[in-house]
Amino acid sequence: FSPVVFPLSCVVQNYSWGKVGLESEVAKLLTSGDPLVQIQPDRPYAELWMGAHPRGDAIIRDNRIPQKTLGQWIADNPACLGTKVKDTFQGCLPFLFKVLSVNTALSVQAHPNKELAAKLHAQFPEHYPDANHKPEMAIALTPFEGLCGFRPVEEIVSFLQNIPELRVLIGEVAAEQLERSGSDDPRGVSAALRVCFTRLMKSEKKFFVDQLNMLVKRISQEVEEGKDTSGSNGELLLRLHSQYPGDIGCFTIYFLNLVRLEPGEAMFLGANEPHAYLHGDCVECMACSDNTVRAGLTPKFIDVLTLCEMLNYTPAPSISKIFPAVQSQLDPSVYLYDPPVPDFAIMRIEIPASVKLYLVSAIDSASILLVIQGTAVGTSTAAASEMSLCRGSVLFISANESISLHLSSPDGMLLFRACCLL
């Protein structure tokens, strides 16, 4: 007998932008999931990777299973994916599930669509490691902030009129083109926005560093004098500048929406959507890819030309970036985040304290289950032995298998489940 539902030990990525030590949700989940894990108080714990990606393949925690990692096991047992998923995604798990703990900003970036990904990968494989697209969705675990998508034009114009240092970088011609573009001509607006943003991102290093230093100095003085700097987004500018001094990414806050998510709220990032996570903890799910085109707030390889060419220059208010969860008709504990891509969907499962026995239902897709809160004993005919679940536990569930949870915590449970709903 070989189990088809089993616990996983997941890979941590210690990127420099992560929260440090036990301030990190990733670190907290790790220690509660496995008390033997040693958390180093001065190390960043940025990402927990739950999946079968070659750079972070999860370890199987069941000694009855000969394969060591989830990727090896799926390769040997592709039927576990579910027929449709297996056929559509060539026998591979189509998503990567993560927890992120963000302390300092991630780079201003966008992910290519399939067509561009294939082209970039063929031309520059060292920077673009695969040929897949990478839509992604983030769901806040703690209050979460990110930049996402272009702001409404009137907001950008207002910054251009209030911030001379920004206007001089973009130049009078481009700024006036944006000011004159009317809402009745969306293509004209997008074209003007593209020119302004590209002018900013391609400005000469010495020139933009001087302007940025002038702006930072001016806003710092205004803050000291107790003035309101919200008209120039002062608080965020000073914060990003302290993290990445002299970085062009600091100016992108005048073009991109600042989106604030409360726990349980989500944002979906389709292909070519400019974004940068700024602070907070989230679960994230994405198509299985590593393709990222970067242009600021980063020491990594940046590709400004590609980024400016590929972006979606459609302005929209920040509220429109919050992606709604839909409560299930069949099970009121389940809230589904189902983005407009086939590769993945996420369920948030909130089991109330009054429920002592809960069925994690069978679906026609392999899925990965993460426990954020609560404790239970899980039983499944597919596991043949009891699994004790607590905060930080991660389970792989093969397609068409269910799990009964016998809850032992007084305050219910909070779970997230990543899957593929074709």
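Source: prediction; values computed, not measured.

### Some remarks on the packing of helix H5 (residues 153-162) against helix H7 (residues 172-180)
Here comes step 1: In contact at an axis separation of 10 Å, H5 and H7 are set at 140° when each is read in the N-to-C sense. The orientation of H5 relative to H7 falls into the category oblique. Both H5 and H7 take part in a crossing whose hand is left-handed. Facing Val153, Ile156, Val157, Leu160 and Gln161 of H5, the residues of H7 in contact are Ala175, Leu178 and Glu179.
Here comes step 2: Classifying every residue of the contact of H5 with H7 by side-chain character gives 6 nonpolar, 1 polar and 1 charged.

### Focus on the sheet that holds strand S6 (residues 59-60)
Here comes step 1: The strand order across the open sheet built from 8 strands is S6-S1-S23-S20-S25-S18-S17-S16, with neighbouring strands paired in antiparallel fashion. On the outer flanks of this sheet lie S6 and strand S16 (326-327), each paired with one strand and no other.

### So, the UniProt feature "binding site: Zn(2+)" (unreviewed entry) in the protein
Here comes step 1: Mapped onto the present numbering, the UniProt feature "binding site: Zn(2+)" (unreviewed entry) falls at Gln109, His111, Glu136 and His275. Spatial clustering of the annotated residues is evident: they stretch over 167 residues in sequence, but the largest pairwise C-alpha distance comes to 12.3 Å.
Here comes step 2: You can see Gln109 is positioned in strand S8 (residues 108-110).
Here comes step 3: Look past the residues within four positions of Gln109 in its chain and what remains in contact with it is Glu136, Glu273, Pro274, His275, Thr292, Val293, Arg294 and Leu307.
Here comes step 4: One polar contact links Gln109 to Ser107, side chain to side chain, over a distance of 3.0 Å.
Here comes step 5: In this fold, His275 is placed in strand S13 (residues 275-287).
Here comes step 6: Those residues in contact with His275 that lie beyond four places of it in its chain are Ser107, Val108, Gln109, Ala110, His111, Glu136, Leu147, Cys148 and Leu269.

### Regarding the pattern of salt bridges
Here comes step 1: One pass over the full model with this rule turns up 18 salt bridges.
Here comes step 2: Here Arg64 ties to Asp62 by a salt bridge, and the two come within 2.9 Å at their closest N and O atoms.
Here comes step 3: Here Arg348 ties to Glu350 by a salt bridge, and the two come within 2.7 Å at their closest N and O atoms.
Here comes step 4: What you see here is one network of salt bridges that share partners, running through Glu145, Glu235, Arg239 and Arg260.

### Considerations on the packing of helix H9 (residues 205-224) against helix H10 (residues 234-243)
Here comes step 1: Taken N-terminus to C-terminus, the directions of H9 and H10 make an angle of 125°; their axes are 10 Å apart at the nearest point. The angle between the axes of H9 and H10 places the two elements in the oblique class. Here the hand of the crossing between H9 and H10 comes out left-handed. Contacts between H9 and H10 involve Leu212, Asn213, Leu215, Val216, Ile219, Ser220 and Val223 from the first element and Gly234, Leu237, Leu238 and His241 from the second.
Here comes step 2: Among the residues forming the contact of H9 with H10, the class breakdown is 7 nonpolar, 4 polar and no charged.

### Considerations on the UniProt feature "domain: Phosphomannose isomerase type I catalytic" (unreviewed entry) in the protein
Here comes step 1: Mapped onto the present numbering, the UniProt feature "domain: Phosphomannose isomerase type I catalytic" (unreviewed entry) falls at residues 5-153.
Here comes step 2: Secondary structure across residues 5-153 comprises 22% helix and 28% strand; the distance between its end C-alpha atoms is 50 Å.

### Structural notes on the packing of aromatic side chains
Here comes step 1: This model, assessed by the stated rule, comprises 11 aromatic pairs.
Here comes step 2: Between Tyr15 and Trp17 the ring centres are 5.8 Å apart and the planes differ by 40°, which places this aromatic pair in the tilted class.
Here comes step 3: For Tyr15, a relative accessible area of 22% corresponds to the partly exposed category.
Here comes step 4: Through a chain of ring-to-ring contacts, the aromatic side chains of Phe150, Phe197, Phe255 and Tyr313 assemble into a single cluster.
Here comes step 5: For the cation-ring pair, Lys300 lies above Tyr15, with the distance from its terminal atom to the ring centre recorded as 5.4 Å.
Here comes step 6: Over the ring of Tyr335 we find Arg348; its NZ or CZ atom is 4.3 Å from the centre of that ring.

### Some thoughts on the nonpolar core
Here comes step 1: Ranked by internal contacts, the top residues of the largest apolar core, which has 56 residues, are Leu166, Tyr254 and Phe255.
Here comes step 2: In terms of nonpolar packing, the next biggest core, distinct from the first, is built from 47 residues, Cys10, Leu93, Val341 and Leu414 among them.

### Examining the domain arrangement of the protein
Here comes step 1: Domain assignment breaks the protein into domain 1 (1-151 + 255-301 + 311-345), domain 2 (153-252) and domain 3 (346-419).
Here comes step 2: Taken over C-alpha atoms, the centre of domain 2 sits 47 Å from the centre of domain 3.

### A short note on the pairing of strand S21 (residues 376-379)
Here comes step 1: Burial of S21 is one-sided: the residues Ala376 and Gly378 facing one way are buried, the residues Val377 and Thr379 facing the other way are not.
Here comes step 2: Strand direction decides the pairing type here: S21 and strand S22 (residues 387-389), joined by 3 bridges, are antiparallel. Bridge pairing in S22 places Val377 opposite Ser388.
Here comes step 3: Strand direction decides the pairing type here: S21 and strand S24 (residues 403-407), joined by 4 bridges, are antiparallel. By the bridge assignment, Val377 is partnered in S24 with His406.

What counts and what doesn't
- Residues numbered from 1 in each chain as written.
- Predicted model: local features only at pLDDT ≥ 70, side-chain atom pairs only at ≥ 80, totals over all residues.
- Heavy atoms only, no water.
- Axes fitted to C-alpha atoms, helices over the stretch in contact; angles between N-to-C directions.
- Helix = DSSP H or I, 4+ residues; strand = E, 2+ residues; numbered from the N terminus.
- Parallel < 35°, antiparallel > 145°, perpendicular 65-115°, else oblique.
- Left-handed = near helix turned anticlockwise from the far one by under 90°.
- Contact = heavy atoms within 4.5 Å.
- Nonpolar A, V, L, I, M, F, W, Y, C, P; charged D, E, K, R; others polar.
- Pairing = 2+ DSSP bridges.
- UniProt positions renumbered as here; feature names shortened; annotations may be inferred.
- Polar contact = N/O pair within 3.5 Å; in protein donor to acceptor, adjacent residues only side chain to side chain.
- Salt bridge = Lys/Arg side-chain N within 4 Å of Asp/Glu carboxyl O.
- Phe/Tyr/Trp six-rings, centres within 6.5 Å; stacked < 30°, edge-to-face > 60°.
- Buried < 20%, exposed > 50% of the residue type's maximum accessible area, 1.4 Å probe, protein only.
- Lys NZ or Arg CZ within 6 Å of the ring centre and 35° of its normal.
- Core = buried A, V, L, I, M, F, W, Y, C linked by side-chain atoms within 4.5 Å.
- Domains from an automatic or database assignment.

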